[in-house]
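What follows is the residue order along each chain.
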Amino acid sequence: MSDQTNQIPNIPPAGNAPSYAVGRSPEPLVDGHDLKFMLRKDLWIFIAIGAVCLVLGGLSHLMGPRSYESSALIYIDPKFDQIIRYEQLSDSGASDMPSLNSLEVAIMADSMVLRVIDRLDLRDDKTFLPPELDGQPDLKIVRFLQNNRFEAGLLPDTRLIKISVRDPQPERAKRIASTFASEFDQFIVDQRQAEAKAMKVILEAQASVARDAAFRAEDQLRAFREASQQGPVEQDHDIYSNRLTQFSNELNEVVRRRLELESQVEIISEVDIEANPELVIELAGSQSLTHVSDMLSHKMTAEANLAVASTQVTKQNPAYLAALSEKEDSVKQLQVLARDIKTAASSKLAAIHSRETNLRKQVGDLQKGLVEMKSLSSEFRALKQQVEREWQVHEKL
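Everything numeric in this text was worked out from a predicted model, so none of it was measured.

K.L.:
Would you explain helix α8 (residues 277–284) in this entry?
P.N.:
It helps to recall that an α-helix has 3.6 residues per turn; residues three or four apart then point in one direction. Along α8, the positions that sit buried rather than exposed are P277, V280 and I281. Looking straight down α8, one finds its buried side chains confined to an arc of 100°; they lie on one side. In the stretch just after α8, G285 is the one whose phi turns positive, near 75°.

K.L.:
Could you clarify how one ought to interpret the pairing of strand β2 (residues 150–154) in this entry?
P.N.:
The side chains of a regular strand alternate, residue by residue, between the two faces of the sheet. Burial along β2 is one-sided: the residues F150, A152 and L154 are buried and none of E151 and G153 is. In terms of strand pairing, β2 meets strand β3 (residues 160–167) through five bridges, oriented antiparallel. If you follow E151 over to β3, its bridge partner there is S164. Hairpin connection between β2 and β3: a loop of five residues separates the two successive antiparallel strands, and D157 in this loop has a positive phi of roughly 60°.

K.L.:
Sorry, what's going on with the pattern of salt bridges here?
P.N.:
A side chain with one charge can pair with a side chain of the opposite charge if their charged atoms come near. Applying the stated criterion across every chain yields a total of 21 salt bridges. Where D125 meets R172, a salt bridge forms, and the shortest distance between an N and an O atom there is 2.7 Å. Taken together, the residues span a long stretch of sequence, with D125 in the loop between α4 (110–119) and α5 (138–149) and R172 in helix α6 (residues 170–227) at a distance of 47 residues. What makes D125 partly exposed here is its relative accessible area of 24%. For the salt bridge of E250 with R355, the shortest nitrogen-to-oxygen distance reads 2.1 Å. Here E250, found in helix α7 (residues 238–269), pairs with R355, found in helix α10 (residues 318–396); they are 105 residues apart in sequence, far enough to count as distant. Residue classification places E250 among the partly exposed residues on the basis of a relative accessible area of 29%. With a relative accessible area of 32%, R355 lands in the partly exposed category.

K.L.:
I would appreciate a short explanation of the sheet that holds β2 in the present structure.
P.N.:
Paired through their backbone hydrogen bonds, the strands of a sheet run either parallel or antiparallel. Pairing in this open sheet of three strands is antiparallel, and the strands run β1-β3-β2 from one edge to the other. Either end of the sheet is taken by a strand with one partner, and the two such strands are β1 (68–75) and β2. Here the average twist between neighbouring strands, direction ignored, is 20°.

K.L.:
It is not clear to me how the packing of α8 against α10 should be interpreted in this structure. Could you clarify?
P.N.:
Helices that pack against each other are described as a pair by the angle of their axes relative to one another and the distance between those axes. Relative to each other, α8 and α10 sit at 40°, their axes nearing to 8 Å. Taken as axis vectors, α8 and α10 run oblique relative to one another. Our pair here, α8 against α10, has a crossing hand that is left-handed. Here P277, E278, V280, I281 and A284 of α8 come into contact with α10, specifically with L334, Q335, L337, A338 and I341. When grouped by side-chain class, the residues that make up the contact of α8 with α10 number eight nonpolar, one polar and one charged.

What counts and how
Residues numbered from 1 in each chain as written. Predicted model: local features only at pLDDT ≥ 70, side-chain atom pairs only at ≥ 80, totals over all residues. Heavy atoms only, no water. Buried < 20%, exposed > 50% of the residue type's maximum accessible area, 1.4 Å probe, protein only. Helix = DSSP H or I, 4+ residues; strand = E, 2+ residues; numbered from the N terminus. Arc of directions from axis to C-beta. Pairing = 2+ DSSP bridges. Salt bridge = Lys/Arg side-chain N within 4 Å of Asp/Glu carboxyl O. Axes fitted to C-alpha atoms, helices over the stretch in contact; angles between N-to-C directions. Parallel < 35°, antiparallel > 145°, perpendicular 65-115°, else oblique. Left-handed = near helix turned anticlockwise from the far one by under 90°. Contact = heavy atoms within 4.5 Å. Nonpolar A, V, L, I, M, F, W, Y, C, P; charged D, E, K, R; others polar.

What follows is the structure, given as structure tokens:
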């Protein structure tokens, strides 16, 4: 089979219909030249319409009621919010921004608008409101003024609130703006006084409670003093501590002396006094005493005389016997002295034992008393501080 190509016949257009050649786009019905021709032809119509609109707008402006604007600025003291809320503001500039925004809204509140209207007797002024608002309720009048005449706004990055008033009469607009400022100031004063009265009632009640608490604390302190008359409660426990230190040092000295005496008595008890009284005297440390030194010297002299006599005469010789008797007497005296020293050492040991026992009891009593005194002092100071705190709270309130 051979391929056959379908051919579309070229049919000429009917009537005045535009002809479209195969492969060409249709020509536009209106081109740029036609638009320019139409604008040049009808330009005077457009100019006439614009002129009429301008004339009508000017006539409307000249024949319609005029509006004048006046403004007033109100500075909000940083301490204002502190006074109202009775609390300290932080140093941050944005900390009281919510309060400033609240004041901005409060200036244009319904009650504030009505206060200004009544203050200036604008209800009876026929030139103040449009005729269609005559006899209308207050809410509708307030809404009209808020939407068309009055406006308040916080200036950015400042503490200034700007009040803008538009009115057909310039002097009245100025009076309304200044009245807004004065009425708002009076509103702040009234609010502050109301807050102050309410706060005064609260503070007086709190002060009464604090005063009663201070009286109760003083009664507790007085009762504590009366119950603790046996000790220096109002004095620091250092006095008690010093006494304890003094007795403790004395006790340590007595213990040291007692140990020395015990050692001395134990050693002396092992010495034969009859055979060696000089050792007892030496152990006791009494050889330096004058009368003991004389006795030791007399014994040595008697022994020397006996030795000399034994070389010169016989033992039956009266001179030898006299020298022997002198030596024996000196030895007996030393033996008696040694016995006295031993007895005195035992007595001293018994006395120092008794002293140590008494001191230990006193130190124990002082330690117990010091603990009690610390407890009493702490309790007393706590009660005294409580009294001071309660009165400080009362004074602050």
